[in-house]
Amino acid sequence: MTRATLRHHFRTMIKYEARPAVLYSKKATAVDVILIAVIRSEACARIEDYNGTIKHSKVIEEVEIEIVNGERINIGTYVHVWDEPLSYMEHTH
C-alpha cells in the first residue's frame with residue numbers, strides 16, 4: 001500500500017450512514033487515498049460489500065504517488081467514486 005493523491009476529487013460523508021464517499025469536483029482540489037497494488041478477489045468482494053447498495057462507479061483515474069527516491073509520478077488505477085445524487089451527502093464541495 002502507498003499513499004496517493006487523487007486530483008479533482010474530495011471526500012465527504014454520506015447522510016445518516018457515517019461513511020465517507022469520494023466525489024468528483026471541477027475545482028482544483030485533491031484527496032489523499034491509499035493505493036493497493038495487488039488485491040485478491042476476496043478483498044475485492046469485501047470492498048463491494050462495504051459499498052453495499054449505494055452506487056459507486058468503479059472507474060480508472062490518474063493518481064499521483066511518490067516512489068522510493070522521492071520522485072512523484074502519475075499512474076492510472078481503479079477508484080470507487082460516488083454515483084448517486086448529491087442530496088445524499090452531508091456536505092457538498
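Coordinates for the structure precede this section.
What you see is a predicted model; the values in this text were computed from it and never measured. Residue numbers restart at each chain and count upward from 1, following the sequence in its written direction. Note on the predicted model: pLDDT of at least 70 is required for a residue's local features to be given, and 80 or more for side-chain atom pairs to be given and counted; whole-chain, interface and lining totals, by contrast, use all residues. Heavy atoms from the whole structure form the basis of all side-chain values; hydrogens and water molecules are not counted.

Draft legend 1. Fine view of the layout of surface pockets. For cavity detection a 1 Å grid was placed over the protein atoms alone, and a set of points counts as a cavity when a 1.4 Å probe fits there but cannot get out; an open set counts as a pocket when protein lies on both sides within 12 Å along at least five of seven lines, with lining residues being those that have an atom within 4 Å of a point. Grid points are joined across faces, edges and corners, and a volume is the space filled by probe spheres set on the points. The volume enclosed by the largest pocket comes to roughly 830 Å³. Residue lining of the largest pocket: 27 residues in total, with I34, I47, Y78, V79 and H80 positioned closest to the centre. Strands here are runs of E lasting at least two residues and helices are runs of H or I lasting at least four, both read from the DSSP assignment and numbered beginning at the N terminus. Put simply, the parts of the chain that give the lining of the largest pocket at least two residues each are β1 (2–7), β2 (9–14), β3 (19–24), β4 (30–35), α1 (41–51), β5 (56–66) and β6 (72–82). With 5 residues, α1 is the single largest residue contributor to the lining of the largest pocket.

Draft legend 2. Main features of the pattern of salt bridges. Counted as salt bridges are all cases of a side-chain nitrogen of Lys or Arg within 4 Å of a carboxyl oxygen of Asp or Glu. Taken as a whole and judged by the stated rule, the model has 5 salt bridges. Residue E42 pairs with R40 through a salt bridge whose shortest N-O separation is 3.2 Å. Classification of R40 as exposed rests on a relative accessible area of 58%. Taken together, the shared-partner salt bridges in this structure form one network comprising R7, E64, E66 and R72. Exposure is judged per residue with a 1.4 Å probe applied to protein chains only, and the accessible area is read against the type maximum: over 50% gives exposed, under 20% gives buried, and values in between give partly exposed.

Draft legend 3. The arrangement of the sheet that holds β4 in detail. The 4 strands are arranged β4-β1-β5-β6 in an open sheet whose pairing can be described as antiparallel. What marks the edges here is a single partner per strand, and that holds for β4 and β6. Geometrically, the sheet is characterised by an average inter-axis angle of 40° between neighbouring strands, direction not taken into account. Two strands pair under a simple rule: DSSP has to find at least two bridges between them. In this structure, β1 lies alongside β5, joined through 3 bridges in antiparallel fashion. Considered in β5, the bridge of L6 is made with V63. Axis definition: a line fitted to C-alpha atoms, limited for helices to the stretch in contact. Angles are taken between N-to-C directions and run from 0 to 180 degrees.

Shape descriptors only; they carry no functional weight alone.
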